[in-house]
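Residues per chain, in single letters:
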Amino acid sequence: MRWVTATVGVVALGVAGCGGSTADVTPPDPEGEAAEVCAELVDDLPDVLLDESRVEAEPTSDYTAAWGDPVISVRCGVPRPETLRADSELIAITDVAWLPQPVDHPSMYTAVGHTAYVEVSVPPSYGPPAGALLPISSLIASTIPALPDGEL
């Protein structure tokens with residue numbers, strides 16, 4: 001497994017928020033402990049991300065959140081990414097490993113190495129994703145238990 005450690009500075013880029021709007025976000029279906037920690041994570045997510053206000057995710061779910069237009073989305077409790085391999089290149093942000101997808105021009109990042117997988121979609125129009133991944137990484141690290149060392 002190759003790790004790429006990112007030097008992260010908070011980047012606040014984006015377009016004006018769309019208060020009161022909704023966003024289509026397909027909810028995952030986590031079970032057991034994953035469902036519990038995901039509901040807690042989503043509840044603790046910020047009201048503003050990359051200068052975008054949080055909008056209502058449709059259909060309503062305890063496991064999804066959305067901001068802005070184009071939509072930045074979080075889905076907690078997604079299945080393990082099929083492309084995740086022992087030699088996958090990961091990005092580490094505040095001790096959380098992220099699998100960027102697609103590798104050549106990522107717009108989706110999946111947090112791995114925790115008891116629940118968290119998927120974050122950041123459209124390229126927002127620029128570097130660090131400003132979105134940093135606060136979410138901090139919440140994942142404090143909310144979702146890590147898997148034993150070496151497990152993804």
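Look a little higher up for the structure.
Definitions and cut-offs
- Residues numbered from 1 in each chain as written.
- Predicted model: local features only at pLDDT ≥ 70, side-chain atom pairs only at ≥ 80, totals over all residues.
- Heavy atoms only, no water.
- Helix = DSSP H or I, 4+ residues; strand = E, 2+ residues; numbered from the N terminus.
- Buried < 20%, exposed > 50% of the residue type's maximum accessible area, 1.4 Å probe, protein only.
- Contact = heavy atoms within 4.5 Å.
- Areas by Shrake-Rupley, 256 points an atom, 1.4 Å probe, with all protein chains shown as cover.
- Expected span 1.5 Å × (residues − 1).
- Salt bridge = Lys/Arg side-chain N within 4 Å of Asp/Glu carboxyl O.

Asks: Talk me through the overall build of the chain; I want residue IDs and the actual numbers.
Replies: Regarding its fold elements, the chain presents two helices and ten strands. Sorting the 152 residues of the chain into buried and exposed places 45% on the buried side. Sequence separation of at least 24 residues holds for 65% of the intrachain contacts in the chain that already meet a minimum separation of 6. Entry remark: accessible area of the chain is about 7600 Å², with carbon and sulfur atoms responsible for 50%.

Asks: Can you explain helix H2 (residues 130-143)? Please cite residues and give values.
Replies: Over its 14 residues, H2 runs 19 Å from end to end, which matches the ideal 20 Å to within 8%, given 1.5 Å per residue. Of the residues making up H2, those classed as buried are Ala-130, Gly-131, Ala-132, Leu-133, Leu-134, Ile-136, Ser-137, Leu-139, Ile-140 and Thr-143.

Asks: Explain the pattern of salt bridges residue by residue, including any values.
Replies: Inspection of the entire model under this criterion finds one salt bridge. A salt bridge links Glu-119 to Arg-75, with the shortest nitrogen-to-oxygen separation between them at 2.7 Å. Here Arg-75 lies in strand S6 (residues 72-78) and Glu-119 lies in strand S10 (residues 117-121), a separation of 44 residues in the sequence. Take Arg-75: its relative accessible area is 17%, and that puts it in the buried class.

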